[in-house]
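# Report on the structure
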Protein chains: 2
Amino acid sequence: MANTKNACGPGEQDGEQGGAVQPSIWERLDTPRGGRTTLTHAGIAEAAVALADAEGLEAVSMRKLADRLGVATMALYRYVDSKDELLELMTDAVIDSAALVADPGDWRAVFGEVAVRRRETALAHPWLSAAQAHVPTTLTPSRNLVVERMLGALEPLPLTGDQKMQLIRALDSYARGASDGEVYQRMMLERRGFGFDGDIRILLRSNMQWLLRSGRYPRFARVVQDGLAPADAAAEFDQGIEALLDGLAVRFGI
Amino acid sequence: MANTKNACGPGEQDGEQGGAVQPSIWERLDTPRGGRTTLTHAGIAEAAVALADAEGLEAVSMRKLADRLGVATMALYRYVDSKDELLELMTDAVIDSAALVADPGDWRAVFGEVAVRRRETALAHPWLSAAQAHVPTTLTPSRNLVVERMLGALEPLPLTGDQKMQLIRALDSYARGASDGEVYQRMMLERRGFGFDGDIRILLRSNMQWLLRSGRYPRFARVVQDGLAPADAAAEFDQGIEALLDGLAVRFGI
DNA sequence: CATCTTGGCGTACGATGTACACAAGACGCG
DNA sequence: CGCGTCTTGTGTACATCGTACGCCAAGATG
């Protein structure tokens, strides 16, 4: 089994006053700091994001980041408990929830905008998907704000809290999967020597030989060989979102 | 910009005979090896998977893996060019495409089965999502086999190759996003001290204090406070899949 | 047997995350 | 102003990691 501990954690599992079992960095963010303040959480996160954007996630090391900030390596540890926490800060920092401008009363518009924005963010910061996978972080301030906005859009509809959350999770699932999948494909393209912005069909074509040779994938080979139209990933993403929301709306009678 | 190189890669970008630009490990898999053969690709992958299942992905180091196999560290490098390639092997090894048993003529059944299987695999091997994110790998043999099967199920339908692929990608997107999201939530639960199999609502509840205190998320706080029913993640996953496929079927007139 | 190819081994190097002890700047109180 | 006291920034040190390189052994081939 993968889980090393399965007993309940620190503090009573269900206590009303229990507080956050671990301060979880977001709690510490806005607590005022005394003494010297050459560094800030925001500044650190921003520099880390810039570094990852410029040189990739694997280039983000505590040493390099500290160098960029003109500070000793260990100074960073006064602000984050570990590198993983730094990654958490980064994943939260790239979500610009201020950019949501859709009519708050039109839930389909709000949901669509959230999804599209997520895809754009993922493509603009290709390291994001890997960072989120390495440091599982549901529930960051920015992400909570997005949930809040979606809940607001669902307010006038006759749905239970559970149904609203299910709707939000469904959108999140599709948007996450489609965005990550697209990013992974593009990173694959880049790794193979074609650029991040290359034609995705190159991947399929360069794979075709392998498909044909083994003979185990006749249908796949045929589809690739017959040629595919140039992909419009953004439009396909939209169609998927609309299809999913259509289907769920029918099920929920809205 | 994140992309370091945007020019076309090795070989001519569009050459007909171009072959795989890099041997890409899958090519090397079934080429026969001479000399001693105490190791095999399959054995290495299996041991690595077992290690990751037991101690987590971060415990998978070349040294520990070699120890487990009773072999020197560098021996592994005769079979994989890098640790990243090892991760690729692992991600392919856990996909058991032999387990697909749905009626091949019923495309909805086939698609549903593929999605469900994917979720089960992701939950059974929580490291999988992170591994796939770290080493973007579309197009592995096992994955190709799944695509082949789905294409087979779509054969009788009046769809173009592009439409078939779009359908497959849409299912892949939702299944990936929902599975990864669920895994991340559970890993988060485990990291916080509640087990991997704990009640997901604990996460929300422990987050509630933060929600209430800041006052920026009134709706979110209310929904959590009003209490949520125990989640049936599998059923919710199914509903999402069905909703998505319904919506797309309408769009494609099938 | 001689030779060659391939597979496994041991060592070594640079980079990484971070624990720990210490110095230096800011603040409260006299 | 002077002096504790707390917080922030620093320097060193260590375990661990991926992996380049050179060597030896084992099986195949002549």
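For chain A, the name recorded in an unreviewed UniProt entry is TetR/AcrR family transcriptional regulator C-terminal domain-containing protein, with Catenulispora pinistramenti as its organism.

Listed per partner, the contact involves 96 residues of chain B and 97 residues of chain A. Carbon and sulfur atoms supply 56% of the area that chain B and chain A bury against each other, a total of about 8,300 Å² over both sides. Linking chain B with chain A are 22 residue pairs in polar contact (both at pLDDT 80 or more), by the criterion used here. When contributions to the side of chain B that touches chain A are tallied by element, the ones reaching two or more residues are α1 (26-29), α2 (41-55), α6 (127-134), α7 (141-154), α8 (161-191), α9 (201-214), α10 (218-225) and α11 (233-252) of chain B. Per element, the largest residue contribution to the side of chain B that touches chain A is 19 residues, and it comes from α8 of chain B. Across the side of chain B that touches chain A, the residue classes break down as 42 nonpolar, 29 polar and 25 charged.

Residue and element names in this part refer to chain A. Structurally, chain A comprises domain 1 (36-93) and domain 2 (97-254). Once you take the C-alpha centre of each, domain 1 and domain 2 turn out to be 28 Å apart. Tallying the contact residues gives 10 residues for domain 1 and 14 residues for domain 2. Between domain 1 and domain 2, the buried area comes to about 990 Å², and carbon and sulfur atoms account for 66% of it. Three residues, L57, T91 and D92, lead the burial of domain 1 against domain 2; their summed loss comes to 49% of the area buried on that side. In this assembly, domain 1 and domain 2 are joined by zero salt bridges. Counting every contact that joins domain 1 to domain 2 gives five residue pairs in polar contact (both at pLDDT 80 or more). Secondary-structure elements contributing two or more residues to the side of domain 1 that touches domain 2 are α2 (41-55) and α4 (83-93). Broken down by element, the residue count for the side of domain 1 that touches domain 2 peaks at six residues, all from α4. The class makeup of the residues in the side of domain 1 that touches domain 2 is five nonpolar, one polar and four charged.

Below, the discussion takes up the side chain of R186 of chain A. Residues and elements named next belong to chain A. Relative to the assigned elements, R186 resides in helix α8 (residues 161-191). Although R186 is buried, it forms no salt bridge, and the closest oppositely charged side chain is E182 at an N-O distance of 4.1 Å. Among the polar contacts listed, one links the side chain of R186 to the backbone oxygen of G198, at a separation of 2.9 Å. In this structure, R186 is in contact with L123, F196, D197, G198 and I200, ignoring residues within four places of it in sequence.

Residues and elements named next belong to chain A. The final tally for this structure, using the stated rule, is 34 salt bridges over all chains. Linking E182 and R119 is a salt bridge whose minimum nitrogen-to-oxygen distance equals 2.8 Å. On the criterion of sequence distance, the pair formed by E182 in helix α8 and R119 in helix α5 (residues 107-124) is long-range, its members being 63 residues apart. Accessibility expressed as a relative area gives 8% for E182, which makes it buried.

Analysis parameters
Residues numbered from 1 in each chain as written. Chains lettered and ligands numbered in written order. Predicted model: local features only at pLDDT ≥ 70, side-chain atom pairs only at ≥ 80, totals over all residues. Heavy atoms only, no water. Contact = heavy atoms within 4.5 Å. Buried area = accessible area lost by both parts, 1.4 Å probe. Polar contact = N/O pair within 3.5 Å; in protein donor to acceptor, adjacent residues only side chain to side chain. Helix = DSSP H or I, 4+ residues; strand = E, 2+ residues; numbered from the N terminus. Nonpolar A, V, L, I, M, F, W, Y, C, P; charged D, E, K, R; others polar. Domains from an automatic or database assignment. Salt bridge = Lys/Arg side-chain N within 4 Å of Asp/Glu carboxyl O. Buried < 20%, exposed > 50% of the residue type's maximum accessible area, 1.4 Å probe, protein only. Lys, Arg positive; Asp, Glu negative; His and termini not counted.

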